[in-house]
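Listed here are the chains, written in short residue letters.
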Amino acid sequence: MVGATAFEVARRYTDDVVFVDEKMIALAMLRLLENERSVVEGGGATGLAALLPGGPLDLPEYKDKNVVVLLCGGNIGKDEGGREGGREGRSI
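Residues numbered from 1 in each chain as written. Predicted model: local features only at pLDDT ≥ 70, side-chain atom pairs only at ≥ 80, totals over all residues. Heavy atoms only, no water.

## Observations concerning the nonpolar core
Grouped together as the largest cluster of nonpolar side chains are 11 residues: Met24, Ile25, Leu27, Ala28, Met29, Leu32, Val40, Ala45, Leu48, Ala49 and Leu52. Among the elements of the structure, helix H2 (22–36) and helix H3 (42–51) are those that each provide at least two residues to this core. The dominant element in this core, judged by the number of residues it contributes, is H2, at six residues. (Core = buried A, V, L, I, M, F, W, Y, C linked by side-chain atoms within 4.5 Å. Buried < 20%, exposed > 50% of the residue type's maximum accessible area, 1.4 Å probe, protein only. Helix = DSSP H or I, 4+ residues; strand = E, 2+ residues; numbered from the N terminus.)

What follows is the structure in structure tokens.
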């Protein structure tokens, strides 16, 4: 649960909230691993997951724009590697 002060700060700077499903998060983690050689935990990959094709922020107004996605967290164990990678039956 977010504390009252943190919630007020976040609310002041938040324009929108979207939901991303686990499959899209796993796909974002896989893309980061394959393309950027970065290990990022699920919570840290959700911003990218929202922008991937088919994600809730895959919108025309973001095409050909510079978009910043913060990536964080490498707290991922070998047990999480069995999550669905989203393509060709691959796992992370």
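## With respect to the layout of surface pockets
Looking at the largest pocket, its volume works out to about 490 Å³. Forming the walls of the largest pocket are 17 residues, and the residues nearest its centre are Asp16, Val18, Gly47, Ala50 and Leu57. With four residues, H3 is the largest single contributor of residues to the lining of the largest pocket. Its residues assigned to classes, the lining of the largest pocket shows 12 nonpolar, three polar and two charged. (1 Å grid on protein atoms, 1.4 Å probe; cavity = no way out; pocket = protein on both sides within 12 Å on 5 of 7 lines; lining within 4 Å. Points joined across faces, edges and corners; volume = space filled by probe spheres on them. Nonpolar A, V, L, I, M, F, W, Y, C, P; charged D, E, K, R; others polar.)

## Thoughts on the pattern of salt bridges
For the structure shown, the criterion picks out three salt bridges. Of the charged contacts, one joins arginine 11 and glutamate 8 as a salt bridge, the two residues approaching to 2.8 Å between their closest N and O atoms. Taken together, the residues arginine 11 and glutamate 8, both in helix H1 (residues 4–13) and three residues apart, mark about one turn of the helix. Residue classification places glutamate 8 among the partly exposed residues on the basis of a relative accessible area of 38%. The shortest N-O distance in the salt bridge between aspartate 58 and lysine 63 comes to 2.7 Å. (Salt bridge = Lys/Arg side-chain N within 4 Å of Asp/Glu carboxyl O.)

Worth remembering: the numbers are spatial, not functional.
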